[in-house]
Amino acid sequence: MAEHTIVFLDAATLADDVRLRSPSFPHCWKDHASTAPDQVVPRLRDADVAIVNKVRLTRESLEQLPKLRLIAVAATGTDCIDKAACQALGITVVNIRGYAGVTVPEHVFALMLALRRSLMGYRDDVRAGRWQDAGQFCFHDHPIRDLSGATLGIIGEGALGQGVATLARAFGMKVLFAAHKGADGLGPLYTPWPEVMANSDVLSLHCPLIPATQGLLGMVEFESMGRRPLIINTARGPLIVEEDLEKALDRGLVNGAGLDVTLPEPPAPDSTIMRLATRPDTIVTPHVAWASLEAQQTLADQLIDLIEAFVGGAPRHVVSGEF
């Protein structure tokens, strides 16, 4: 069997404690902690298998890589890959699936609980000596709201959205799955988009980034949110118009935001998202909802399984179109 050259372009996106087992076929493996755009072609020139997490692979780059036969994305989202170019060039794209069904919903609820119960504000107050100044056993400087009885609107009905719904029901929340914006007649699972906007106490995003979902939540949507909800985004940054979210927070149209994703990542120091990160009603985390050690190890094991399946002639999790 001929030796395969496998190149991981952004290996540092996996934690040091995660173990990538050696593929079972003859191979040469090359790791790069990170890769700049002008390094993509030189590093993949001799590769027939590329592993990427968030490194962009454009048509211009792919056309210069005649040996490349497989792109294994070490994530579920594949918006960093020009999939139309891959199809035209005979390059197979595969992705990781079903690994984050616990870690992402738990992160969503960590953000949700912290915001509903004003944990960050109370933590900061205690550090600043406010408890001693209060002169009694407690103080009530920030609102605290239960999740039980609240309505959760979920945008995205896949495995992650369903996982969040399961936790929400255990907390005693009412769950609404939003119909796609502008769509009718999608079936009994869905609540019309305007009703979800009007009636949700919390909105959590779990849909892919495709042209139809770019800027899914902007000022029009924020102005239609009747219950001043929390906004939780652990999916993709461009689903929300960040400047409009900042205005909505300023105007009291929404009560707070928990954001794990931005565009770009990391955001610029003077960006809207970094201004949001300083607010008491907003929590920003660095795209780590997916990153429990348990989930990362599952991802790593599946990644090697997918490469072995492709080399063995039975590719799995093949991606096409806008997935």
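Check the entry above for the structure.
A brief structural summary. (Residues numbered from 1 in each chain as written. Predicted model: local features only at pLDDT ≥ 70, side-chain atom pairs only at ≥ 80, totals over all residues. Heavy atoms only, no water.)

### Overview of helix α4 (residues 103-116)
Basically, it comes down to this: Numbering of helices and strands starts at the N terminus; helices are DSSP runs of H or I of at least 4 residues and strands are runs of E of at least 2. Take the residue count of a helix, subtract one, and multiply by 1.5 Å to get its expected span. Whether a residue is buried, partly exposed or exposed follows from its accessible area with a 1.4 Å probe, protein chains only, as a fraction of its type maximum: under 20%, in between, or over 50%, in that order.
Here α4 spans 20 Å end to end across 14 residues, near enough to the 20 Å set by a 1.5 Å rise per residue. Among the 14 residues that make up α4, eleven are buried, leaving the element largely enclosed by the rest of the structure. Residues of α4 that are buried include every one of Thr103, Val104, Pro105, His107, Val108, Phe109, Leu111, Met112, Ala114, Leu115 and Arg116, and no others. Of the residues one or two after α4, Ser118 is the one with positive phi, at around 55°.

### What to know about the pairing of strand β9 (residues 202-205)
Consecutive side chains of a regular strand alternate in pointing toward one face of the sheet and then the other. Using the following cut-off: When DSSP finds two or more bridges between a pair of strands, those strands are recorded as paired.
The alternating pattern of β9 places Val202 and Ser204 on one face and Leu203 and Leu205 on the opposite face, and all of these are buried. Note that strand β6 (residues 151-155) and β9 share four bridges and pair parallel. Following the sheet pairing, Ile154 is matched in β9 by Ser204. Pairing between β9 and strand β10 (residues 230-233): four bridges, direction parallel. If you follow Leu205 over to β10, its bridge partner there is Asn233.

### A short note on the pattern of salt bridges
Just so we agree on the cut-off: Just to be clear on terms, a salt bridge is a Lys or Arg side-chain nitrogen sitting within 4 Å of an Asp or Glu carboxyl oxygen.
The full count for this structure, using the stated rule, is 14 salt bridges. Two residues, Asp46 and Lys67, come together in a salt bridge whose shortest N-O distance is 3.4 Å. Of this pair, Asp46 sits in the loop between α1 (40-44) and β3 (49-52) while Lys67 sits in the loop between α2 (59-62) and β4 (70-73), and the two are 21 residues apart along the sequence. A relative accessible area of 47% means that Asp46 is categorised as partly exposed. Between Asp79 and Arg236 there is a salt bridge; the shortest N-O distance is 3.2 Å. Remark: Arg236 occurs in the loop between β10 and α10 (242-251) and Asp79 occurs in the loop between β4 and α3 (83-89); sequence separation between them is 157 residues.

### Observations concerning the sheet that holds strand β2 (residues 27-31)
Where we set the bar: Each axis is a line fitted through C-alpha atoms, and for a helix only the stretch in contact is used; angles between axes span 0 to 180 degrees, taken between their N-to-C directions. Contacts were defined at the residue level, with two residues in contact if any of their heavy atoms lie within 4.5 Å.
Spatially, five strands are ordered β2-β1-β3-β4-β5 in an open sheet, and the strand pairing comes out parallel. Lying at the two open borders of the sheet, with one neighbouring strand each, are β2 and β5 (92-95). Strand-to-strand twist in this sheet, taken as the mean axis angle between neighbours without regard to direction, amounts to 15°. Packed on one face of the sheet, helix α12 (residues 293-311) meets β1 (4-8), β2, β3, β4 and β5 and runs near 160° to β4.

### With respect to unusual backbone geometry
A cis amide bond links Leu263 to the next residue, Pro264, at an omega of -5°. If you trace the backbone, Pro264 turns up in the loop between β11 (256-259) and α11 (272-277). Here the phi dihedral of Arg228 falls at roughly 45°; this positive angle occurs in a residue that is not glycine. Here Arg228 shows up in the loop between α9 (219-223) and β10. By relative accessible area, which is 42% here, Arg228 ends up partly exposed.

### What to know about the nonpolar core
Here is the rule: Residues enter a nonpolar core if they are buried and are Ala, Val, Leu, Ile, Met, Phe, Trp, Tyr or Cys, with the set joined through side-chain atoms within 4.5 Å.
Ile51, Phe109, Met112, Leu152, Met173 and Ile307 are the most contacted members of the largest nonpolar core, which has 43 residues in total. The dominant element in this core, judged by the number of residues it contributes, is α4, at seven residues. When residues no more than four places from it in sequence are discounted, the contact partners of Met173 are Phe109, Met112, Leu147, Gly149, Ala150, Thr151, Leu152, Ala168 and Val202. Membership of the second largest hydrophobic core comes to 28 residues, among which are Leu176, Cys207, Leu249 and Leu253.

### Description of the packing of α4 against helix α7 (residues 159-170)
Here is the rule we go by: Here the angle decides the label: under 35 degrees means roughly parallel, over 145 means roughly antiparallel, 65 to 115 means roughly perpendicular, and every other value means oblique. Whether a crossing is left-handed or right-handed is set by the direction in which the near helix is turned from the far one by less than a right angle, anticlockwise for left-handed and clockwise for right-handed. Three classes are used, and their members are as follows: Ala, Val, Leu, Ile, Met, Phe, Trp, Tyr, Cys and Pro are nonpolar, Asp, Glu, Lys and Arg are charged, and the others, Gly among them, are polar.
Running from N to C, α4 and α7 cross one another at 50°; their axes reach a closest spacing of 8 Å. Viewed along their axes, α4 and α7 adopt a mutual orientation that is oblique. Viewed along their axes, α4 and α7 form a crossing whose handedness is right-handed. Every residue of α7 that contacts α4 at Val104, Pro105, Glu106, Val108 and Phe109 is listed here: Leu160, Gly163, Val164, Leu167 and Ala168. For the contact of α4 with α7, the class distribution of residues is eight nonpolar, one polar and one charged.

### Digging into the packing of aromatic side chains
Stated formally: Between the rings of Phe, Tyr and Trp (Trp by its six-membered ring), a pair exists once the centres lie within 6.5 Å; its type follows the angle of the planes, with under 30 degrees stacked, over 60 edge-to-face, and the other angles tilted.
The full count for this structure, using the stated rule, is two aromatic pairs. Between Phe109 and Phe171 the ring centres are 5.1 Å apart and the planes differ by 15°, which places this aromatic pair in the stacked class. Here Phe171 lies in the loop between α7 and β7 (174-178) and Phe109 lies in helix α4, a separation of 62 residues in the sequence. Plain terms: the ring middles of Tyr122 and Phe139 are 5.6 Å apart, the flat faces sit at 55° to each other, and that makes the pair tilted.

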